[in-house]
Protein chains: 2
Amino acid sequence: MIRQTAYTVEPWCVREQTLDLDMLAQSESVFALSNGHIGLRGNLEEGEPHGLPGTYLNSVYELRPLPYAEGGYGYPESGQTVINVTNGKLIRLLVEDEPFDVRYGALRSHERVLDFREGTLTRSVEWTSPAGDSVRVRTVRLVSLVQRGVAAIHYEVEAVDRPVRVVVQSELVANESLPDLGKDPRMAGRLESPLVGEESVADKDTAVMVHRTRHSDLRVAAAMGHEIDGPEHTVTMDGFEDVCRYTVATRLQPGERLCLVKYLAYGWSSRRSRPAVHDQVIAALAAAKMTGWDGLVREQREFLDDFWAGADVELDGDAEVQQAVRFGLFHTLQAGARAERRSIPAKGLTGPGYDGHTFWDTESFVLPLLTYTRPEAAADALRWRHSTLDLAKERAEQLGLRGAAFPWRTIAGQECSGYWPAGTAAFHINADIADAVIRYYHATADEDFARDVGLELLVETARLWRSLGHHDTKGRFRIDGVTGPDEYSAVVDNNIYTNLMAQRNLRAAADVAEQYPEQARRMGVAEEETAEWRDAAAAVVIPWDKRLEVHPQNEGFTHHARWDFENTPPDHYPLLLNYPYFDIYRKQVVKQADLVLALHLRGDAFTDEQKVRNFAYYEGLTVRDSSLSACTQAVMAAETGHLELAHDYLGEAALMDLRDLEHNTRDGLHIASLAGAWNALVAGFGGMRQYTVRLSFAPRLPPGISRLAFRMRFRGRRLRVTITHDEVVYDLLSGDPLQIDHHGRPVDLNGGAVRMDVPPTPSRPTPAQPPGREPARRDKTAR
Amino acid sequence: MIRQTAYTVEPWCVREQTLDLDMLAQSESVFALSNGHIGLRGNLEEGEPHGLPGTYLNSVYELRPLPYAEGGYGYPESGQTVINVTNGKLIRLLVEDEPFDVRYGALRSHERVLDFREGTLTRSVEWTSPAGDSVRVRTVRLVSLVQRGVAAIHYEVEAVDRPVRVVVQSELVANESLPDLGKDPRMAGRLESPLVGEESVADKDTAVMVHRTRHSDLRVAAAMGHEIDGPEHTVTMDGFEDVCRYTVATRLQPGERLCLVKYLAYGWSSRRSRPAVHDQVIAALAAAKMTGWDGLVREQREFLDDFWAGADVELDGDAEVQQAVRFGLFHTLQAGARAERRSIPAKGLTGPGYDGHTFWDTESFVLPLLTYTRPEAAADALRWRHSTLDLAKERAEQLGLRGAAFPWRTIAGQECSGYWPAGTAAFHINADIADAVIRYYHATADEDFARDVGLELLVETARLWRSLGHHDTKGRFRIDGVTGPDEYSAVVDNNIYTNLMAQRNLRAAADVAEQYPEQARRMGVAEEETAEWRDAAAAVVIPWDKRLEVHPQNEGFTHHARWDFENTPPDHYPLLLNYPYFDIYRKQVVKQADLVLALHLRGDAFTDEQKVRNFAYYEGLTVRDSSLSACTQAVMAAETGHLELAHDYLGEAALMDLRDLEHNTRDGLHIASLAGAWNALVAGFGGMRQYTVRLSFAPRLPPGISRLAFRMRFRGRRLRVTITHDEVVYDLLSGDPLQIDHHGRPVDLNGGAVRMDVPPTPSRPTPAQPPGREPARRDKTAR
């Protein structure tokens with residue numbers, strides 16, 4: 001676990017000032033650079049020591065068999081696993097006779113800085129070799145947000161107090177050996193050396209390697225080029241199947257520096273030929289060289305300045321969360337900025353966790369942030385879903401359903417879930433995708449997208465719901481045998497979250513089909529079908545427990561035995577690792593917000609009184625064994641007036657990775673939780689909602705935060721909302737006038753600041769959580 | 001599929017008069033011999049051709065890994081699989097230069113007869129070699145029901161029309177190569193050559209081989225000894241690690257015979273030493289030789305005469321079912337007669353199907369037959385369960401429950417189910433075991449058993465139920481999240497079958513604990529605990545659908561969509577091979593009797609009107625994709641007055657293997673279905689019930705059966721019940737006077753025949769089955 005002191009608390013960067021080998025893997029995730037296409041873990045340039053070497057290309061995966069003790073119809077037979085592709089980060093250094101390795105000699109100083117505005121990872125090291133030779137090494141690394149296939153490293157080595165002979169080796173290495181992660185040996189065996197060499201060309205300062213994956217048959221190309229500045233030196237270039245090595249040897253006087261700029265280009269394709277992929281990376285390399293190192297840095301800053309102008313969040317009173325929320329915004333942007341019709345995985349491209357799979361996290365937690373801060377990235381992510389529609393339709397057909405059934409977990413669109421009760425049965429992912437389409441459309445008014453992409457996604461998911469549900473003899477539309485967001489209940493009837501999201505899906509499909517009648521007709525949508533969708537939506541079952549006056553998460557839920565929280569030892573969480581599913585499923589215990597997520601996303605379907613009672617009831621059952629819970633609990637705690645509790649949950653979501661709260665940051669960052677922290681601030685304390693086209697706010701701050709200001713993009717405009725305990729200032733920073741709601745009252749924004757009062761917060765007893773599962777207190781003095 | 005003409009229809013045997021190589025594997029199952037300890041498939045003596053060579057020893061298994069694409073807490077990591085042990089059936093024959101092989105030369109005549117009264121398999125063949133030499137071969141094979149470790153073969157070869165030189169080779173062969181059954185390659189790989197040689201001793205006419213299983217570490221010994229009668233001959237004996245061969249060479253004149261008696265002895269142990277197991281089989285061999293062939297045959301006949309005297313069923317009007325029900329009685333006896341504290345597998349010892357596992361079939365379908373015909377075998381089977389109590393208690397603890405959780409499928413007592421929704425969740429197996437204990441106790445008044453075995457089984461299963469269920473706020477005792485007998489619904493709340501059987505379990509545990517207070521106290525049972533059991537039993541939830549006026553199989557079942565039977569093509573059954581579980585589970589479709597089984601076993605908990613309505617409702621939903629359904633449907637069809645339908649279902653159950661109705665008789669017989677046919681006759685047309693100590697009958701025959709007579713054992717007595725359309729004759733064949741019920745009226749049996757009238761059958765419309773899933777009509781002329 002990363003200790004409190006691991007990183008200094010600063011508003012615009014994450015800074016590490018000591019190198020702790022035990023948390024190397026975690027820091028590699030925290031310091032990962034990505035543009036959504038290329039991902040480089042924060043491995044040290046010299047390769048060793050490492051926690052887990054990682055270089056990823058979005059959607060480059062290998063297949064592995066999915067075994068079953070007892071098989072079943074429709075079970076996926078092979079899974080997709082992200083692989084570590086050719087490593088171009090490697091720059092080894094020989095100081096006299098000693099390889100530069102921080103485990104030997106003396107590390108006199110160490111600093112790494114991830115800068116959210118520069119988009120760079122900087123490392124500054126002073127090291128004395130076992131033989132007593134000292135060097136300063138300074139590296140700056142970036143993965144270009146502007147040039148999608150490009151990364152670059154600025155490497156500088158300086159002699160300190162006496163002349164030293166140095167040799168710098170810059171490499172491309174394929175099929176690196178990876179440390180054993182203690183997983184299933186079959187999987188590890190399969191993914192040993194996943195790349196088969198096709199070509200390795202090394203000449204002068206440039207090298208290109210092309211490989212193919214063994215089973216998934218994807219072609220991957222990596223290239224490196226170099227520029228050198230420094231005293232007289234010799235260079236050599238060697239090329240082998242899995243290694244290309246550019247070697248520079250020189251002698252440095254004290255204070256003298258050798259400077260190397262390493263340009264990297266990556267490309268891959270499932271279809272294009274070896275020469276085509278080869279040429280693609282050579283071309284990317286040429287463009288990068290033309291831009292030059294300074295140019296790349298400048299572009300990066302400009303890109304990020306533009307992003308922050310429409311996305312920044314300022315927060316007074318909680319410096320840790322201030323840092324964390326910008327860290328989350330930065331990494332979410334990195335995950336999605338240039339994914340461009342590829343998936344945004346749960347870990348982004350920061351580590352191999354969850355096999356590199358994409359889940360509903362993307363649509364439900366990541367895309368809200370991107371939709372209101374970098375909408376083009378949200379659109380691209382949904383275009384990727386759209387590109388997999390044929391696979392989703394095939395899957396629906398295999399399952400005996402109409403329309404499209406999107407996979408619970410995947411890289412390339414095929415279902416990769418090996419446990420159907422928590423995979424295939426979680427049909428809500430289809431409504432989550434639809435919801436992301438609706439949100440994007442409402443937030444951007446992007447009619448091209450609605451017509452060309454959104455409509456078909458809505459239509460095919462609506463068809464799924466219509467065929468998945470049925471009308472009972474009382475005419476109610478039931479959706480039986482599905483799993484909602486809470487994975488501690490499975491295969492249940494009428495999960496309220498699922499039913500309400502399906503309702504929204506069905507209605508939006510009908511609305512957009514009527515808006516684009518010609519396109520809808522081409523999809524075979526007739527009036528009868530839209531009418532059926534509306535009828536089903538209107539009749540959807542929403543169970544209600546009269547006795548408790550709360551909504552059961554699904555039919556029968558509130559009749560189940562309560563989990564025996566009192567006798568569950570703290571080290572028995574997460575429950576799924578310590579209790580059988582059968583026992584977890586049949587009791588009242590909630591892994592992650594489910595009905596509470598419905599209260600947020602379908603707040604229009606509940607009264608205020610219901611929200612208050614439901615939130616309090618589910619707080620007592622929610623153990624938060626998922627990183628996708630705290631942010632939603634924060635949002636609903638804020639809406640129901642429990643502002644300090646909301647602040648606590650915000651901390652849990654925001655600090656997930658900087659504090660390694662789930663002890664698995666080493667496998668990659670929890671992008672959705674980081675994005676969720678933004679949701680907790682904007683939808684929680686900002687009270688931002690957009691149930692329809694209209695944007696509304698209901699800001700209120702907890703005692704521990706004295707000021708919150710956030711920027712967002714909305715239908716071509718930029719807004720800034722600045723909240724203090726007493727008042728809110730709405731600024732229309734750019735774009736046409738707009739009417740919004742402030743605590744239910746319309747407010748016209750015509751440019752310039754509009755000042756509004758914050759109404760008093762109703763006082764209610766704070767709901768209790770299961771013993772030991774309370775969020776950590778943010779404001780130790782209050783409550 | 002075995003064609004109608006495969007076997008002649010005869011009352012006391014199964015006779016095959018042609019050898020069809022395509023159905024060799026099926027016939028090997030049908031002609032299997034077993035005593036519950038040793039099982040020999042009906043392989044030809046010469047070994048080839050074969051469908052599937054099979055020699056089994058009860059509970060000799062190998063371990064194999066159970067893989068999961070996504071693991072879970074409490075999932076079993078290794079499974080147990082029955083293995084083919086050392087084959088002692090082999091007797092090869094060389095006729096001049098030609099090996100006797102029915103695929104070459106000319107098979108002039110062929111007959112095999114399985115005789116239910118003799119307990120032997122006889123084979124008579126006349127064969128002409130490709131070179132024109134003719135021989136007659138006659139073999140008689142038995143697995144002794146009296147000497148548990150012994151089998152024997154009487155082998156006779158006769159020259160027909162010219163002198164021939166013959167060589168007979170009698171063998172013991174370990175690690176026979178098995179045909180590929182097209183299963184998981186991991187499993188096949190693991191079970192290739194499962195035996196590791198420890199010893200092979202061959203001398204004179206006797207050979208012994210001792211092997212160990214690789215992973216399960218069981219020691220298996222097999223021995224053979226020989227007697228020869230015939231003209232001058234030479235003998236040799238060879239011994240190797242995996243083969244021992246006894247060779248006899250002679251020259252036969254036309255009409256002259258060589259006769260070989262081969263005695264086989266088997267033994268195994270998980271604990272005893274090599275010499276101990278070696279000596280055990282040598283001793284068994286000595287006993288067999290002392291008895292001699294004629295003695296073994298005589299003992300076998302006497303054993304069976306005694307069995308039939310208390311078990312025979314006579315049936316006029318349906319000769320096929322007459323044969324089939326005796327076939328079923330014979331094979332059920334074979335499966336259980338000498339299992340002696342080992343399990344009775346679903347396939348007996350007739351084939352490797354279901355990995356040789358034992359399920360609830362034993363207690364719920366096989367033990368009723370044995371309880372009333374060979375009660376000592378039923379007691380032994382329950383003593384086996386008792387011997388695994390520690391494992392079941394460990395499993396309960398692992399699952400967070402009290403008491404004992406018996407495995408869904410196992411050989412040695414460990415849970416081997418690799419899919420928990422249809423395995424671990426099927427907790428009803430615990431109540432089924434309790435029910436078998438109660439039944440046996442009521443049927444025998446065996447107080448030693450009740451005190452030493454039954455009480456603890458009842459107490460530990462009652463404890464399981466008490467901890468598995470909980471009281472809701474209305475004080476009702478709910479059992480949530482379990483799977484009932486119908487595997488087309490899973491992980492449901494308040495399955496009525498489970499709840500009613502748990503109720504019976506809880507009450508019986510309290511009753512027997514109060515009967516043996518001292519023993520109960522030693523198990524920690526206090527008054528408070530028995531009171532808790534009775535309270536839970538009294539408050540158990542029994543859902544009721546007011547609108548339909550039927551019992552839903554479980555909570556919510558009748559609200560689910562009906563399966564689309566109309567659009568399910570005939571070749572899409574069984575559904576589980578053609579539709580995903582998610583879809584099957586969430587719809588109204590029933591694989592096998594569940595609520596209808598509750599109507600039978602807990603008929604005391606339903607009114608007649610409820611039985612009629614429930615039976616009709618579930619008939620329309622039951623697709624009978626399990627061999628464990630037809631017999632129960634027969635019983636309840638009979639009780640609700642649908643006698644022709646009952647007759648049809650009886651046919652389905654009884655002819656399961658003789659007609660290969662499920663196309664998998666090759667893997668072994670469906671012992672529970674065969675036993676179920678007895679249930680269909682005795683509990684169906686005989687109306688036999690024993691809800692408490694009292695035995696009751698309500699006989700009624702369908703038009704197609706003119707007379708049904710069955711014998712049974714009951715509390716030290718033998719009874720015969722003879723039913724015609726108009727009257728019933730109750731005969732107390734031996735034992736003390738007894739009062740029974742006949743159609744609800746008490747009848748005193750004091751020895752001699754008591755004649756009673758059969759009341760008229762109420763007329764009701766016959767319920768419909770899903771299209772295409774109707775049972776085949778037995779009586780084509782009626783209805």
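Reading the values: rules and limits
Residues numbered from 1 in each chain as written. Chains lettered and ligands numbered in written order. Predicted model: local features only at pLDDT ≥ 70, side-chain atom pairs only at ≥ 80, totals over all residues. UniProt positions renumbered as here; feature names shortened; annotations may be inferred. Helix = DSSP H or I, 4+ residues; strand = E, 2+ residues; numbered from the N terminus. Contact = placed C-beta atoms within 7 Å. Nonpolar A, V, L, I, M, F, W, Y, C, P; charged D, E, K, R; others polar. Domains from an automatic or database assignment. Least-squares fit on C-alpha atoms with pLDDT ≥ 70 in both. Core = buried A, V, L, I, M, F, W, Y, C linked by C-beta atoms within 7 Å. Buried ≥ 20, exposed ≤ 12 C-beta atoms within 10 Å, placed from the backbone. Axes fitted to C-alpha atoms, helices over the stretch in contact; angles between N-to-C directions. Parallel < 35°, antiparallel > 145°, perpendicular 65-115°, else oblique. Left-handed = near helix turned anticlockwise from the far one by under 90°. Expected span 1.5 Å × (residues − 1). Pairing = 2+ DSSP bridges.

- Per an unreviewed UniProt entry, chain A is named Glycosyl hydrolase family 65 protein, and its organism is Actinoallomurus vinaceus.
- UniProt lists a comment for chain A under the heading Sequence similarities (unreviewed entry), and it reads "Belongs to the glycosyl hydrolase 65 family."

A closer look at the UniProt feature "domain: Glycoside hydrolase family 65 C-terminal" (unreviewed entry) in chain A
Line of reasoning, step 1. The UniProt record annotates "domain: Glycoside hydrolase family 65 C-terminal" (unreviewed entry) at residues 688-749 of chain A.
Line of reasoning, step 2. What you have in residues 688-749 of chain A is 0% helix and 58% strand, and the ends, taken at the C-alpha atoms, are 16 Å apart.

Considering the interface of chain A and chain B
Line of reasoning, step 1. Facing 38 residues of chain A, the contacting portion of chain B comprises 38 residues.
Line of reasoning, step 2. With four residues, helix α13 (residues 581-585) of chain A is the single largest residue contributor to the side of chain A that touches chain B.
Line of reasoning, step 3. Residue composition of the side of chain A that touches chain B, by class: 18 nonpolar, 12 polar and eight charged.

Observations concerning the domain arrangement of chain A
Residues and elements named next belong to chain A.
Line of reasoning, step 1. Here chain A is described as being made up of domain 1 (31-309) and domain 2 (313-413 + 422-734).
Line of reasoning, step 2. When each unit is reduced to the centre of its C-alpha atoms, the spacing between domain 1 and domain 2 is 35 Å.
Line of reasoning, step 3. Between domain 1 and domain 2, the contact holds 25 residues from the first and 30 residues from the second.
Line of reasoning, step 4. When contributions to the side of domain 1 that touches domain 2 are tallied by element, the ones reaching two or more residues are β3 (33-34), β7 (78-82) and α3 (274-309).
Line of reasoning, step 5. Examining the composition of the side of domain 1 that touches domain 2, we find that four residues originate from one element, β7, more than from any other.
Line of reasoning, step 6. Class assignment for the residues of the side of domain 1 that touches domain 2 results in 10 nonpolar, 13 polar and two charged.

Here we look at the relation of the copies chain A and chain B
Look at the two chain copies: a rotation about an axis and a shift along it is all it takes to match them.
Line of reasoning, step 1. For these two chains of identical sequence, chain A goes onto chain B by a turn of 180° and a shift of 0.0 Å along the axis, with RMSD 0.0 Å. Taken together, the rotation and translation describe the operation of a two-fold axis. No C-alpha of chain A lies nearer the rotation axis than that of A:Tyr68, which sits 2.4 Å from it.
Line of reasoning, step 2. Same-surface contact between copies: 100% of interface residues of chain A are shared with the interface of chain B.

Some words on the nonpolar core
Line of reasoning, step 1. With 492 residues, the main nonpolar core has A:Ala634, A:Ala677, A:Leu681, B:Ala634, B:Ala677 and B:Leu681 as its most contacted residues.
Line of reasoning, step 2. A domain-level breakdown of this core finds at least three residues from each of domain 1 (31-309) and domain 2 (313-413 + 422-734) of chain A.
Line of reasoning, step 3. Setting aside anything within four residues of it in sequence, one finds B:Ala677 in contact with B:Ala324, B:Val325, B:Gly328, B:Cys631, B:Leu650, B:Ala653 and B:Ala654.

A word on the packing of helix α16 (residues 630-639) of chain A against helix α18 (residues 671-685) of chain A
Residues and elements named next belong to chain A.
Line of reasoning, step 1. Two elements in contact, α16 and α18, have axes separated by 8 Å at closest approach and are oriented at 5°. What the angle tells us is that α16 and α18 run roughly parallel. Between α16 and α18, the residues in contact are Cys631, Ala634, Val635 and Ala638 and Ser673, Gly676, Ala677, Asn679, Ala680, Ala683, Gly684 and Phe685, respectively.
Line of reasoning, step 2. Grouping the amino acids of the contact of α16 with α18 by side-chain chemistry returns eight nonpolar, four polar and no charged.

Observations concerning the packing of helix α6 (residues 375-387) of chain A against helix α8 (residues 428-444) of chain A
All names here are of chain A.
Line of reasoning, step 1. Here α6 crosses α8 at 145°, and the two axes come no closer than 10 Å. By crossing handedness, the relation of α6 to α8 is classed as left-handed. Residue-level inspection shows Pro375, Ala378, Ala379, Leu382 and Arg385 of α6 in contact with α8, the latter providing Ile433, Ala436, Val437, Tyr440, Ala443 and Thr444.
Line of reasoning, step 2. A per-class count over the contact of α6 with α8 returns nine nonpolar, one polar and one charged.

So, α6(A)
All names here are of chain A.
Line of reasoning, step 1. Taking 1.5 Å of rise per residue, the 13 residues of α6 would be expected to cover 18 Å, and the 18 Å separating its terminal C-alpha atoms lies within 8% of that figure.
Line of reasoning, step 2. Of all 13 residues that make up α6, 10 are buried, and the element is covered over most of its length.
Line of reasoning, step 3. Restricting attention to buried positions, one finds in α6 the residues Pro375, Ala377, Ala378, Ala379, Asp380, Ala381, Leu382, Trp384, Arg385 and His386.
Line of reasoning, step 4. Contacts made by the buried residues of α6 are with α4 (319-336), α5 (361-373), α7 (389-398), α8, α9 (447-468) and β27 (707-714).

Points about the sheet that holds strand β28 (residues 717-724) of chain B
Residues and elements named next belong to chain B.
Line of reasoning, step 1. If you walk across this open sheet you meet the five strands as β21-β27-β28-β29-β32, and the pairing is antiparallel. Two strands lie at the open edges of the sheet, namely β21 (313-316) and β32 (752-757), each paired on one side alone. Adjacent strand axes in the sheet meet at a mean angle of 15°, parallel and antiparallel pairs treated alike.
Line of reasoning, step 2. The pairing of β28 with strand β29 (residues 727-734) spans six bridges and is antiparallel. Note that in β29 the partner of valine 721 across the bridge is tyrosine 730.

Re the UniProt feature "domain: Glycoside hydrolase family 65 central catalytic" (unreviewed entry) in chain A
Line of reasoning, step 1. Listed under "domain: Glycoside hydrolase family 65 central catalytic" (unreviewed entry) in the UniProt record, and renumbered for this structure, are residues 326-679 of chain A.
Line of reasoning, step 2. Regarding residues 326-679 of chain A, the helix share stands at 51% and the strand share at 2%, and the terminal C-alpha atoms are separated by 13 Å.

Focus on unusual backbone geometry
Line of reasoning, step 1. Residues A:Glu48 and A:Pro49 are joined by a peptide bond in cis, for which omega reads -10°.
Line of reasoning, step 2. By the element assignment, A:Pro49 lies in the loop between β4 (38-40) and β5 (55-57).
Line of reasoning, step 3. Phi is positive for B:Arg341, which is not a glycine, with a value near 65°.
Line of reasoning, step 4. Within the secondary structure, B:Arg341 is located in the loop between α4 (319-336) and α5 (361-373).
Line of reasoning, step 5. One non-glycine residue with positive phi stands out, namely B:Asp355, at about 60°.
Line of reasoning, step 6. Inspection of the secondary structure assignment puts B:Asp355 in the loop between α4 and α5.

Details of the sheet that holds strand β12 (residues 134-143) of chain A
All names here are of chain A.
Line of reasoning, step 1. Sheet architecture is open: 10 strands sit in the order β1-β2-β10-β11-β12-β13-β20-β17-β16-β15, paired in antiparallel fashion. This sheet does not close on itself; its edge strands, each paired only once, are β1 (7-9) and β15 (195-203). Between one strand axis and the next, the sheet turns by 15° as a mean value, whatever way the strands run.
Line of reasoning, step 2. Alignment of β12 against strand β13 (residues 150-159), held across nine bridges, turns out to be antiparallel. The residue of β13 that forms the bridge with valine 137 is valine 157.
Line of reasoning, step 3. Packed onto the sheet, α3 meets β11 (120-128), β12, β13, β15, β16 (206-213), β17 (219-229) and β20 (257-269) and runs at close to 135° relative to β20.

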